[in-house]
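What follows is each chain in one-letter form.
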Amino acid sequence: MKIRFEPRQSESRTVVFLSPLVAVLFTGLFSMLIFAILGVDPITAVYTFFIGPVTSIAGWAELFVKATPLVLIGIGLSFGFRSNIWNIGAEGQLTIGALTGGGLALLFYNVDSVFLLPAMIIAGIFGGAIWAAIPAFLRVRFNTNEILTSLMLVYVAQLILSYLIQGPMRAPDGYNFPESRLFHDAALLPTLISETRLHAGWIAALFFAVIAWILWSRHIIGFQVKVAGDAPLAARFSGVREKNVTWLVLLISGGAAGLAGMIEVSGPIGQIVPIISPGYGFTAIIVAFLGRLHPIGIIFSGMLMALTYLGGDAAQIEMKLPNAVTGVFQGMLLFFLLATDFFVRYRIRFGALRETPDKESSKKGVVG
Amino acid sequence: MKQMKSLFNLSIAGFVILAMGFFGAVKADPLKVGFIYIGPTGDHGWTYEHDQGRIAIEKSLGSKVKTTYVEKVPESADAARVLTKLASSGHKLIFTTSFGYMNPTLKVAKKFPNVKFEHATGYKRSKNVSTYSGRFYEGRHVAGLIAGKMTKNNVIGYVASFPIPEVIRGINATIIAARSVNPNVKIKIIWVYTWFDPGKEADAAKALIDQGADIIMQHTDSPAPMQVAEKRGKLAFGQASDMKAFGPKAQLTAIIDNWGPYYVQRTKDVMNGTWKSKDTWTGLKTGMVTMAPYNKSIPADVVAIAEKARKGIIDGSVHPFTGPIKNQAGKIVVKAGERASDGMLLGMNFYVEGVDSKYPAK
């Protein structure tokens, strides 16, 4: 018997938003299976991994700390992904944002001013945006593929960080180790809950989500970005300038990543170090898609992704499971998401191709 | 009546607490010892040896301890989270085994004054934070002598991680030793800017061999450079761990980090209440650094030179950084007959004469 995949005539909105939940459910079920194979009690394991980490205020605080950069960058990237502009270099923009924002803290070391932190925020956003402006310029001017240029600039950014941290930014009394001074109090983000690490950066992430939501649903900019992505020709006819959209989405995503970098160094890290991000810029791509490129969705997907890291810690500490478990979960999550996505857009048909009145559309189906 | 009842409850509660205290005294809970690792335990290098130290604690103290580790903890904001998690889940002694954990360790230690912390390779201490490290450069000295004698092309290829003093010290110790037995020898360095990335490490080793190196040294954690040397018929030195299994012909010897005795001692100190914050920096003498068995392919006279140096370091008659030592510009940094101070070694940020690479980022 032949199995065919036919594109669905229309995508149900409910199903589009339901599919991540289905993916999470499948991940849960299959992880229980894996736990069982590993010889640990699946229920305890799933509890330790997914629920244990958030049974205390401190746990939630850590979840938000981990989710902050993912949500910020994820929402920023969603602008580009909706308009078919593929910024893969958020990791580099984050790094530059951390350097410009954190650099200001070092430049004004021990200066107690209420203006320092706001200035660092602006510098962070600006740094990330500048780094994203390079692929934007190359794309608009020379039609260069922004996927390649933005990705390559990640490595350039990391080398700049490496240079600065071994030289000009190195702590003067630090035995030449590649680390900056610890920021003074005026350059540190305020803590939201005492005795935890939850910092004001989380508020920034939520605030950015609200702004993004307003832009998408109420503002002409959001509409133009969407049209440019969904129907480039229609966008051109209606006077949307592709170049402007390219600039706009790259500057927004770059600025958001830059802010995330500044928040990392001024929040939980408190200094400039050689490794600022363990790959947030890349993980945020998954987060953006898992959240359906929707600001509220991205908040939840960012938290879910953060939970897999916290769960990974807990699984290692409490159940003596290897670190690789975290990677397996993240991989499964992405796999099931892509799988459910596929079935949102296609349906399975058994048997030979039927003669249908609309011959053209059924021919488009993928024969498997 | 009501009062009587509450009094009764109170006395029961008191009794329970007393009983708990009694049984607690009879059967003490095992001491929980935690570890955070930069790499996976299966890196067969740095992290592997720290994990061997952890296993040594379990072997030596048995049911009196319970150990936990978290591997592949990035030196970013994540380190403090994992440390907090360990400290708040009853671990009373925590080893943080990479330099980048220094400030997170101090931050978390401040919040948990009753938990003892041990940070490897750092320089900041506090009331409940000790530091410890091995004088790995002593091993480099022995390896450098062998390298100087065994190289035919007079080029040693060095796969280096990050230009921090510890790594620079290793490079300098190697070249000083190698040139003492072979003045024509040069050292070429490739920085991979990672501690553990078998792909990058292997690529660097290949590039070095292509540039004429016939001896590979590494200051990264995976055995990938050793495997490349074995495959290409070159010689190499194991790093942190005995890597003979990955290069039976290639490995001349290995500089082994041996953490077990220190870890066991510090755990006992916590149990006995004698733990104090201090700095430990020892090498061949105490056995924190040891050399793997010499490969049979090394001629007896070379083994004799190496052994003489090793024993000399142990009895104090040999110091790997004995003047005259010149920097790359030819300026004398350690005068003839003098020895470099620990302070100079700890902050070392220059190459000595004979290093055929530019100092990174300066």
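Since the structure is predicted, the reported quantities are computational estimates derived from the model, not experimental observations.

Analysis parameters
- Sequence positions are assigned chain by chain, starting from 1 and proceeding in written order.
- Ligands are numbered from 1 and chains lettered from A, in the order in which they are written.
- Selection of residues for local features in this predicted model requires a pLDDT of at least 70, selection of side-chain atom pairs for listing and counting requires 80 or more, and totals for whole chains, interfaces and linings are taken over all residues.
- In this description a helix means any DSSP run of H or I spanning at least four residues, a strand means any run of E spanning at least two, and both kinds are numbered starting from the N terminus.
- Whether a residue is buried, exposed or partly exposed follows from its count of other C-beta atoms within 10 Å of its own C-beta, namely 20 or more, 12 or fewer, or something in between, respectively; the C-beta atoms are built from the backbone.
- Here the contact rule is simple: place C-beta atoms from the backbone, and any two residues whose C-beta atoms are within 7 Å are in contact.
- Each pair of strands is called paired provided DSSP finds at least two bridges between the two strands.
- Axis lines are fitted to C-alpha atoms, over the contacting stretch for helices. Their N-to-C directions set the angle, which ranges from 0 to 180 degrees.
- Basically, the charged four are Asp, Glu, Lys and Arg, the nonpolar ten are Ala, Val, Leu, Ile, Met, Phe, Trp, Tyr, Cys and Pro, and anything else, Gly included, counts as polar.
- What counts as a domain boundary in this text is fixed by an automatic or database domain assignment.
- Orientation categories follow fixed angle ranges, with anything under 35 degrees roughly parallel, anything over 145 roughly antiparallel, 65 to 115 roughly perpendicular, and all other angles oblique.
- Throughout, a crossing is termed right-handed when the near helix is turned clockwise from the far one, and left-handed when it is turned anticlockwise from it by less than a right angle.

**Overview of the overall build of chain B**
Move 1: Regarding its fold elements, chain B presents 11 helices and 14 strands.
Move 2: With the principal axes as the frame, chain B shows a C-alpha extent of 100 × 40 × 40 Å.
Move 3: Per-residue burial for chain B yields a buried fraction of 50% across its 362 residues.
Move 4: Within chain B, residue pairs in contact and separated by at least 24 positions form 64% of the contacts whose partners lie at least 6 positions apart.

**With respect to the sheet that holds strand E1 (residues 31–36) of chain B**
All names here are of chain B.
Move 1: Spatially, E2-E1-E3-E4-E5-E11 is the arrangement adopted by the six strands of the open sheet, whose pairing is parallel. The sheet terminates laterally at strand E2 (65–70) and strand E11 (279–282), the two strands that pair on one side only. For this sheet, the mean inter-axis angle between neighbouring strands, taken without regard to orientation, is 15°.
Move 2: Of the strand pairs in this sheet, E1 and strand E3 (residues 91–96) are connected by five bridges, and their pairing is parallel. Paired with phenylalanine 35 across the strands is phenylalanine 95, a residue of E3.
Move 3: In the packing of helix H2 (residues 46–61) onto the sheet, contacts are made with E1 and E2, and the angle to E2 comes to roughly 165°.
Move 4: Contacting E1, E2 and E3, helix H3 (residues 78–88) crosses the sheet at an angle of about 155° to E3.

**Regarding the interface of chain B and chain A**
Move 1: Contacts between the two partners involve 31 residues from chain B, matched on the other side by 26 residues from chain A.
Move 2: For the side of chain B that touches chain A, the secondary structure elements donating two or more residues are E2 and H3 of chain B.
Move 3: For the side of chain B that touches chain A, the leading source of residues is H3(B), giving six residues.
Move 4: Residue composition of the side of chain B that touches chain A, grouped by class: 17 nonpolar, seven polar and seven charged.

**Remarks on the domain arrangement of chain B**
All names here are of chain B.
Move 1: Under the domain assignment, chain B is made up of domain 1 (31–134 + 259–282) and domain 2 (136–258 + 288–346).
Move 2: The straight-line distance from the C-alpha centre of domain 1 to that of domain 2 is 28 Å.
Move 3: With 18 residues of domain 1 at the interface, the matching set in domain 2 holds 17 residues.
Move 4: Secondary-structure elements contributing two or more residues to the side of domain 1 that touches domain 2 are H2 and helix H9 (260–272).
Move 5: Looking at the side of domain 1 that touches domain 2, its residues break down into eight nonpolar, eight polar and two charged.

**Some remarks on the domain arrangement of chain A**
Move 1: Entries for chain A in the domain assignment read domain 1 (1–38 + 339–368) and domain 2 (64–303).
Move 2: The centre of domain 1 of chain A, based on its C-alpha atoms, is set 34 Å off from the matching centre of domain 2 of chain A.

**Observations regarding the packing of helix H1 (residues 13–38) of chain A against helix H2 (residues 42–51) of chain A**
All names here are of chain A.
Move 1: Put simply, H1 and H2 touch, their axes get as near as 9 Å, and they point 120° apart. As judged from the angle between their axes, H1 and H2 are oblique. Both H1 and H2 take part in a crossing whose hand is right-handed. Facing Gly28, Ser31, Met32, Phe35 and Ala36 of H1, the residues of H2 in contact are Pro42, Ala45 and Val46.
Move 2: Class assignment of the residues belonging to the contact of H1 with H2 gives a composition of six nonpolar, two polar and no charged.

**Here's the deal with the environment of Ile256(B)**
All names here are of chain B.
Move 1: Within the secondary structure layout, isoleucine 256 lies in strand E10 (residues 251–257).
Move 2: Overall, the presence of 23 C-beta atoms within 10 Å leaves isoleucine 256 in the buried class.
Move 3: Beyond its immediate sequence surroundings of up to four residues, isoleucine 256 is in contact with Ala240, Ser241, Asp242, Thr290, Met291 and Ala292.

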